[in-house]
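# Summary of the model geometry
Listed here are the chains, written in short residue letters.
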Amino acid sequence: MQGKQRLSHRKHKHYFVIFGLLVLVIILGIGCLFLGYSHMSAGECILALTGQGSAASVRIVWNIRIPRILAAVIAGAGLSVSGLIMQTTLNNSMASPSTLGVSNAAVFGANLSIIAFAGGFLSTGNNLSNYAVGVNPYATSFIAFLFSTFSIVLILGLCTVRSFSPNVVVLSGIAVGSVWTAATTLLQFYATDVGLSAAVVWNFGDLGRATYRTDAIMFAVVLSGILFFTLTSWKLNALLSGEATAKTMGVNVEGLRFVSMLLASMITAVCVSFLGIIGFVGIICPHITKKLFGQDHRVTIPVSALSGSLLLLFSDTLSRSMGNGAALPVGAITSLLGAPFFVAIIFSGKENR
């Protein structure tokens, strides 16, 4: 009887935490509407939300700030849950959305699109106006996504040929990721100044390039992935007990690992292809979540998603507050926050005991 009471109390506690994080995300998201380098007053923002403010204010709020906030919420949740699932399926606490070289492949695809076809040696030369006319941001994102997807399929294909063990996946990801990095370096070496500059700017994680269309695409992919992981949470919990135990419970370990890694990587590929590289979200949030709430994926999946959204909203707020008239790349902020955290995990030694 006491055991049931403790279980019920723990469940209510988890519901309270999830609800509290959701409220924090909403509050911070609303607060972000009133922050920016345009120096709009709170009253002007409220009027713009109702469509009664000046044309400039309405455009800033509805076309810039709201898509940016939605992108932070969606991408933060997606990257965080992707990191959680990769750590579970690979049984590696250091796994993250970049483990399979997904980000490296996206960077190469974007660089190929920008340098070779829009702002580089095959198209515009050093004429900046030609670059502005020729570049297509959706084409760049599409090519980045294609290469990310190709990288995922290649790595998972190599793993099925050899053996789909966590170590093989990690090593394959490192090897393929290194190839993409080398190919990107060669592309940038032959690029013109304009093409190289445009490619480097794309690499920065930037929420400012988000639109309602990109937000809708990211939302569809992230929501589908999170729903799948939620429905298979009991299988993921079984996998934590070891492959042998999971198989005795009727779990197809190889199939679960393949589909989970594919979906997690697809979520990362979509977010990265639209927003650029945003690092450490998939490491920080899952680790904090598991530290505080344990390993139960029925809890860690929603908590990781909300904490990822909260982290990216907070990082974006910092980037706009520190930019002195321009928003800093949010990817730089998450890296600054994540690097000390990553070092602390390494030297704590607790993850390997």
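The shown structure was predicted, so the numbers you read here are calculated from the model rather than taken from an experiment.

Before going further, it helps to spend a moment on the layout of surface pockets. Summary: where empty space remains is shown by rolling a probe the size of a single water molecule over the atoms. Of the pockets and cavities examined, the largest pocket occupies roughly 390 Å³. Considering the residues around the largest pocket, the lining is formed by 20 residues, among which Val 73, Ala 77, Phe 219, Leu 306 and Ser 309 are closest to the centre. Of all elements in the fold, only helix H1 (2-33), helix H3 (55-90), helix H9 (212-231) and helix H14 (297-322) reach the threshold of two or more residues within the lining of the largest pocket. When the residues that make up the lining of the largest pocket are grouped by side-chain class, the tally is 17 nonpolar, three polar and no charged.

The biggest cluster of nonpolar side chains holds 78 residues, and the ones touching the most others in it are Leu 207, Met 218, Leu 275, Ile 278 and Leu 312. A per-element tally of this core places H3 first, with 14 residues. Met 218 has contacts with Ala 71, Ile 74, Val 270, Cys 271, Phe 274 and Leu 275, leaving out every residue within four places of it along the chain. Within the second largest apolar cluster, eight residues are counted, among which are Ala 110, Ala 144, Ala 198 and Trp 202.

Time to look at the pattern of salt bridges. Applying the stated rule across the entire model yields five salt bridges. For Glu 243, the salt bridge identified is with Arg 257, shortest N-O distance 3.1 Å. In this pair, Glu 243 sits in helix H11 (residues 243-248) while Arg 257 sits in helix H12 (residues 253-275), placing the two residues 14 residues apart along the sequence. Judged by its relative accessible area of 3%, Arg 257 is buried. Salt-bridge contacts for Lys 247 lead to Glu 254; the nearest nitrogen and oxygen are separated by 3.4 Å. Several salt bridges share partner residues, and in doing so they unite Arg 68, Asp 316 and Arg 320 into one network.

What follows covers a nonpolar patch on the surface. A cluster of nonpolar side chains, contributed by Leu 49, Trp 62, Leu 70 and Tyr 212, occupies part of the molecular surface with about 330 Å² of accessible area. Take Tyr 212: it is sitting in helix H9. Residue class for Tyr 212 comes out partly exposed when judged on its relative accessible area of 38%.

This paragraph deals with unusual backbone geometry. The phi dihedral of Asn 91 is positive, around 55 degrees, even though this residue is not glycine. You can see Asn 91 is positioned in the loop between H3 and helix H4 (102-117). Unusually for a residue other than glycine, Phe 280 sits at a positive phi of about 75 degrees. With a relative accessible area of 25%, Phe 280 lands in the partly exposed category.

With 89% of its residues at a pLDDT of 70 or more, the protein has an overall mean of 85. By mean pLDDT, the top-scoring element of the protein is H9 (96), and the lowest-scoring one is helix H5 (residues 128-134) (46). Between residues 119-134, whose pLDDT stays under 50, and residues either more than four places distant or in other chains, the model counts 36 contacts.

Before going further, it helps to spend a moment on the environment of Ser 321. Summarising the element assignment, Ser 321 is placed in helix H14. For Ser 321 and Gly 36, which are 285 residues apart along the polypeptide, the C-alpha to C-alpha distance reads 7.3 Å.

Evaluation of the coordinates by the stated rule reveals six aromatic pairs. With a centroid separation of 5.1 Å and 80 degrees between ring planes, the pair formed by Phe 108 and Phe 147 is classed as edge-to-face. A residue pair is termed long-range when its members are at least 10 positions apart, and Phe 108 in helix H4 and Phe 147 in helix H6 (residues 137-162) qualify at 39 residues. For Phe 147, a relative accessible area of 21% puts it in the partly exposed group. Here Phe 147 and Trp 180 contribute two aromatic rings whose centre-to-centre distance is 5.7 Å and whose plane-to-plane angle is 90 degrees, an arrangement assigned as edge-to-face. With Phe 147 in helix H6 and Trp 180 in helix H7 (residues 166-189), this pair connects stretches of sequence that are 33 residues apart.

Mapped onto the elements, Ser 307 comes out in helix H14. In this structure Ser 307 comes out as buried when scored by relative accessible area, which is 16%. A distance of 3.0 Å separates a polar atom in the side chain of Ser 307 from the backbone oxygen of Ser 304. When neighbours within four sequence positions are excluded, Ser 307 is seen to be in contact with Ser 80, Cys 285 and Thr 289.

Closest axis-to-axis distance for the helix H2 (residues 42-49)/H3 pair is 8 Å, and the angle between their directions is 80 degrees. Looking at the two axes, H2 sits roughly perpendicular to H3. Mapping the contact onto sequence places Cys 45, Ala 48 and Leu 49 in H2 and Ser 57, Val 58, Val 61, Trp 62, Arg 65 and Ile 66 in H3. For the contact of H2 with H3, the class distribution of residues is seven nonpolar, one polar and one charged.

Once that is clear, we can look at the environment of Ala 95. Note on placement: Ala 95 falls in the loop between H3 and H4. On the basis of relative accessible area, Ala 95 is assigned to the buried category, the value being 1%. Spatially, the C-alpha atom of Ala 95 lies 8.2 Å from that of Val 170, the residues being 75 residues apart in sequence. When sequence neighbours within four positions are dropped, the list of residues in contact with Ala 95 reads Gly 83, Met 86, Gln 87, Leu 90, Gly 282 and Ile 283.

The rules behind these values
- Numbering of residues starts from 1 in each chain and follows the order in which that chain's sequence is written.
- Confidence filtering applies because this is a predicted model: local features only for residues at pLDDT of at least 70, side-chain atom pairs given and counted only at 80 or more, and all residues used for totals across whole chains, interfaces and linings.
- Hydrogen atoms and water are omitted, and side-chain values are computed over all heavy atoms in the structure.
- Every definition here rests on a 1 Å grid over the protein atoms only: cavities are sets of points where a 1.4 Å probe fits but cannot get out, pockets are open sets enclosed by protein on both sides within 12 Å along at least five of seven lines, and lining residues have some atom within 4 Å of a point.
- Grid points are joined across faces, edges and corners, and a volume is the space filled by probe spheres set on the points.
- Only DSSP runs of H or I with at least four residues qualify as helices, and only runs of E with at least two residues qualify as strands; both kinds are numbered from the N terminus onward.
- Under the convention adopted here, Pro, Cys and the residues Ala, Val, Leu, Ile, Met, Phe, Trp and Tyr are nonpolar, Asp, Glu, Lys and Arg are charged, and Gly plus all remaining residues are polar.
- Take the buried Ala, Val, Leu, Ile, Met, Phe, Trp, Tyr and Cys residues and link them wherever side-chain atoms come within 4.5 Å; each set so joined is a nonpolar core.
- Relative accessibility decides the category of a residue: with a 1.4 Å probe and only protein chains considered, values under 20% of the type maximum give buried, values over 50% give exposed, and everything between is partly exposed.
- Residue contacts are defined here by distance: any two heavy atoms, one from each residue, within 4.5 Å place the two residues in contact.
- The salt bridge criterion pairs a side-chain nitrogen of Lys or Arg with a carboxyl oxygen of Asp or Glu, the two atoms within 4 Å.
- Residues forming no salt bridge and having over 30% relative accessible area are the ones grouped into patches, like charges within 9 Å of each other and nonpolar side chains (Val, Leu, Ile, Met, Phe, Trp, Tyr) within 5 Å.
- Accessible areas in this description were obtained via Shrake-Rupley with a 1.4 Å probe; residue shielding takes into account the shown protein chains only.
- Known as pLDDT, the predictor's confidence for each residue is given on a scale from 0 to 100.
- Working definition: rings of Phe, Tyr and Trp (its six-membered ring) pair if their centres are within 6.5 Å, and the pair is stacked with planes under 30 degrees apart, edge-to-face with planes over 60 apart, and tilted otherwise.
- Pairing of N or O atoms within 3.5 Å defines a polar contact, subject to two protein rules: one partner must be a possible hydrogen donor and the other a possible acceptor, and residues neighboring in sequence count only if both atoms are side-chain atoms.
- Fitted lines through C-alpha atoms serve as axes, helices being fitted only where they are in contact, and the angles separating the N-to-C directions of these axes extend from 0 to 180 degrees.
- Should an angle fall under 35 degrees it is called roughly parallel, over 145 degrees roughly antiparallel, and 65 to 115 degrees roughly perpendicular, with every other angle called oblique.

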